[in-house]
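Letter by letter, the chains look like this.
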There are 2 protein chains.
Amino acid sequence: MTQRKVISFETIRVACKNCTLSQLCLPMGMSPEDVDRLDSIVKRSRPLHRGDHLFRSGERFRSLYVVKTGSVKTYTPSEEGGEQVLGFHLPGEIIGLDAIDQDCHACSAKVLETSAICEVPFQRFEELAASIPSLQHSMFRLLSKEIGHDAEMLLLLGKKNAEERLAAFLVSMSQRLSKRGLSPTDFYLSMSRHEIGNYLGLAVETVSRLFTRFQDEGLVKVDRKHVEILDLGTIESLAGTAQAAGSRKHSN
Amino acid sequence: MTQRKVISFETIRVACKNCTLSQLCLPMGMSPEDVDRLDSIVKRSRPLHRGDHLFRSGERFRSLYVVKTGSVKTYTPSEEGGEQVLGFHLPGEIIGLDAIDQDCHACSAKVLETSAICEVPFQRFEELAASIPSLQHSMFRLLSKEIGHDAEMLLLLGKKNAEERLAAFLVSMSQRLSKRGLSPTDFYLSMSRHEIGNYLGLAVETVSRLFTRFQDEGLVKVDRKHVEILDLGTIESLAGTAQAAGSRKHSN
DNA sequence: CGTGGCGTTGAGCCAGATCAATACACGTGG
DNA sequence: CCACGTGTATTGATCTGGCTCAACGCCACG
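Residues numbered from 1 in each chain as written. Chains lettered and ligands numbered in written order. Predicted model: local features only at pLDDT ≥ 70, side-chain atom pairs only at ≥ 80, totals over all residues. Heavy atoms only, no water.

With an unreviewed UniProt entry as reference, chain A is termed Transcriptional regulator FNR, source organism Thiohalocapsa halophila.

Pasting the structure below:
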């Protein structure tokens, strides 16, 4: 057992290094020493289970989190039990960026399935970023990328209809998974229909009906959480400001 | 004329310094020398007029822009002439943060009224940030704040009804203007009803009807672009996940 | 005093929400 | 192994908020 723990720890350590790397050191070369410095501040990576929270709304902000394996959803809980799902986070993606400003988490992060998460203490990270220009640049880019992604979501929620929203969701999942080396056309959704609907600003029933419709149209094969994309091209065209859909567009 | 130009330039220079300061050097003390260093890279600030573009979608990203006076809207133009308004930017607010990642603007920025804008060359800014830890921290916070703001908009577009959206819009304008020392209850909207509707994900007609309704209910007095807020408290309660509205809530 | 761009107002319609019932998967305990 | 319970997903029927279409009023400007 002890032996196994050590092996497991090293495995996680290396994988974590990789995932931190890929997001934060992506664009330009950081020296191997700098990469090690960055890696050395990444704290722990114990496996979390479905329902566990990385943090809750209102808690003090200390660290960013990087998903190594599994998936996490972030959401803003409102009194009366309602919530707005802000996003689903897949391996390689970073959580907690919105808390830097207030020094306090405005949203909660809940693990959707057994997941390994790296924790990056932010204060130490900032010190490092100040001494490694390329790391600072990567962080600026990362934050900026998040803003760009949010703008896409604003477009989705502000202008797209239900069909376009679900198509965009599928395309996004497909792209993000394939970026991690997983199949872009065959995957399991770790979130419920309810959570998908909440995220996309749709009722559960609408999501369910659309999955059925897409399946009837031969675009996907859906079995519960298992999704096979059969016609990615068509789904992509539906997701965009799809002119192919044959439906007239809003003008507002 | 020459004389006047010089005076005008100095006036702008000082005001610009102030506005750059307030957003970027807010939280912690930067030394006066560092403030001057920051100020010295702020390039130009010629007055722009209604309809002028700060930048257009697709252009190379070089600088961030800070609104000194006036207002700017950012939007993503889509083919077919449609657009999604991403935001309205008032004095003290920063534009262009989403372009850092791609090194290329994904949205366009158009001036809504005669405005003075500071330009901050990003590359120089980054160099400065790397040597002034508190500036780096401020920039991280600024980017993070933008992400937090976007999350609020996602909530608005995903869950709120038309009434809540317009109320939230009015509250936001009120707060942001008063933060700049302007009246929180009496102001002019520089954007058209169409642009408000686009931003809030509503049809122009809905916006118009709601203004009328709010006026009938004694919450505001509206005359064209001139808005007087008569009952800010009630509007605030409508804007939140308003339980006071007497209307049942969505659950998705 | 047109002419054209907003803004407002009215009437009708529809996408998607809501309500309601059933179906299915996955326990858990007997 | 089955009976039962609980939570989630699907499907159908109905309702409605806000969109669409259309007409008109009001400035502002040439």
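There's plenty left to go through after this.
A. Region of interest: the interface of chain B and chain A. Each partner contributes to the interface: chain B provides 44 residues, whereas chain A provides 43 residues. In this assembly, chain B packs against chain A so that about 3900 Å² is buried in total across both faces, 61% of it on carbon and sulfur atoms. For the pair chain B and chain A, the interface holds 2 salt bridges. Of the charged contacts, one joins R141 of chain B and D101 of chain A as a salt bridge, the two residues approaching to 3.3 Å between their closest N and O atoms. Counting across the interface, chain B meets chain A through 18 residue pairs in polar contact (both at pLDDT 80 or more). Counting residues per element, the ones that place at least two in the side of chain B that touches chain A are strand 5 (83-89), helix 3 (122-131), helix 4 (133-159) and helix 6 (193-200) of chain B. Here the side of chain B that touches chain A takes 19 residues from helix 4 of chain B, the largest share from any one element. Within the side of chain B that touches chain A, the residues separate by chemical class into 18 nonpolar, 14 polar and 12 charged. (Contact = heavy atoms within 4.5 Å. Buried area = accessible area lost by both parts, 1.4 Å probe. Salt bridge = Lys/Arg side-chain N within 4 Å of Asp/Glu carboxyl O. Polar contact = N/O pair within 3.5 Å; in protein donor to acceptor, adjacent residues only side chain to side chain. Helix = DSSP H or I, 4+ residues; strand = E, 2+ residues; numbered from the N terminus. Nonpolar A, V, L, I, M, F, W, Y, C, P; charged D, E, K, R; others polar.)

B. Molecular detail of the sheet that holds strand 7 (residues 108-111) of chain B. A sheet is described by the order of its strands in space; here 4 strands give the open sequence 2-7-4-5 (chain B), paired in antiparallel fashion. Because the sheet does not close on itself, it has two edges, and the strands there are strand 2 (53-55) and strand 5 of chain B. In this sheet, neighbouring strand axes are inclined to one another by 30 degrees on average, regardless of whether the strands run parallel or antiparallel. When strand 2 of chain B meets strand 7 of chain B, the two strands line up antiparallel, connected through 2 bridges. What sits directly across from F55 of chain B, in strand 7 of chain B, is A109 of chain B. Sheet contacts for helix 4 (residues 133-159) of chain A: strand 4 (72-77) and strand 5 of chain B; angle to strand 5 of chain B, the most-contacted strand, approximately 120 degrees. On the sheet, helix 6 of chain B packs against strand 4 and strand 5 of chain B and is oriented at approximately 100 degrees with respect to strand 5 of chain B. (Pairing = 2+ DSSP bridges. Axes fitted to C-alpha atoms, helices over the stretch in contact; angles between N-to-C directions.)

C. Quick peek at the protein's contact with DNA strand D. Surveying the vicinity of DNA strand D reveals 19 residues, the closest of which are R193, R209 and T212 of chain A together with A162 and T206 of chain B. For DNA strand D, the fraction of atoms within 4 Å of the protein that belong to sugar or phosphate moieties is 60%. Take S208 of chain A: an N or O atom from its side chain is 3.0 Å from a phosphate oxygen of DNA strand D. T212 of chain A is positioned such that a nitrogen or oxygen atom in its side chain is 2.7 Å from a phosphate oxygen of DNA strand D. Of all the elements in the fold, those that place two or more residues in the surface near DNA strand D are helix 6 (193-200) and helix 7 (204-216) of chain A together with helix 7 (204-216) of chain B. Counting residues per element, the surface near DNA strand D draws most heavily on helix 7 of chain A, which supplies 4 residues. Its residues placed into classes, the surface near DNA strand D shows 3 nonpolar, 8 polar and 8 charged. (Near = heavy atom within 4 Å.)

D. Summary view of the relation of the copies chain B and chain A. When chain B is brought onto chain A, the operation consists of a screw motion whose angular component is 180 degrees and whose axial shift is 0.0 Å, with 0.0 Å RMSD remaining. The transformation just described matches what one would write down for a two-fold rotation axis. Mapped onto chain A, 98% of the interface residues of chain B again fall at the interface, so both copies present the same surface. (Least-squares fit on C-alpha atoms with pLDDT ≥ 70 in both.)

E. Representation of the pairing of strand 8 (residues 115-121) of chain A within the structure. All names here are of chain A. By the criterion of burial, strand 8 is predominantly enclosed, with 7 of the 7 residues buried. Where burial is concerned, the two faces of strand 8 agree: the one with S115, I117, E119 and P121 and the one with A116, C118 and V120 are both buried. The pairing of strand 1 (residues 47-48) with strand 8 spans 2 bridges and is antiparallel. Paired with P47 across the bridge in strand 8 is A116. Pairing analysis gives 6 bridges linking strand 3 (residues 63-69) to strand 8, with the strands arranged antiparallel. In the strand pairing of strand 8, V66 is matched with C118. (Buried < 20%, exposed > 50% of the residue type's maximum accessible area, 1.4 Å probe, protein only.)

F. The sheet that holds strand 10 (residues 220-223) of chain A, seen in detail. Residues and elements named next belong to chain A. Taken in spatial order, the 3 strands make up an open sheet running 9-11-10, and their pairing is antiparallel. The open sheet terminates on both sides in strands that have one partner only, identified here as strand 9 (186-188) and strand 10. Geometrically, the sheet is characterised by an average inter-axis angle of 15 degrees between neighbouring strands, direction not taken into account. One ladder, built from 3 bridges, connects strand 9 with strand 11 (residues 226-229); its direction is antiparallel. Bridging from a neighbouring strand, D186 pairs with E228 of strand 11.

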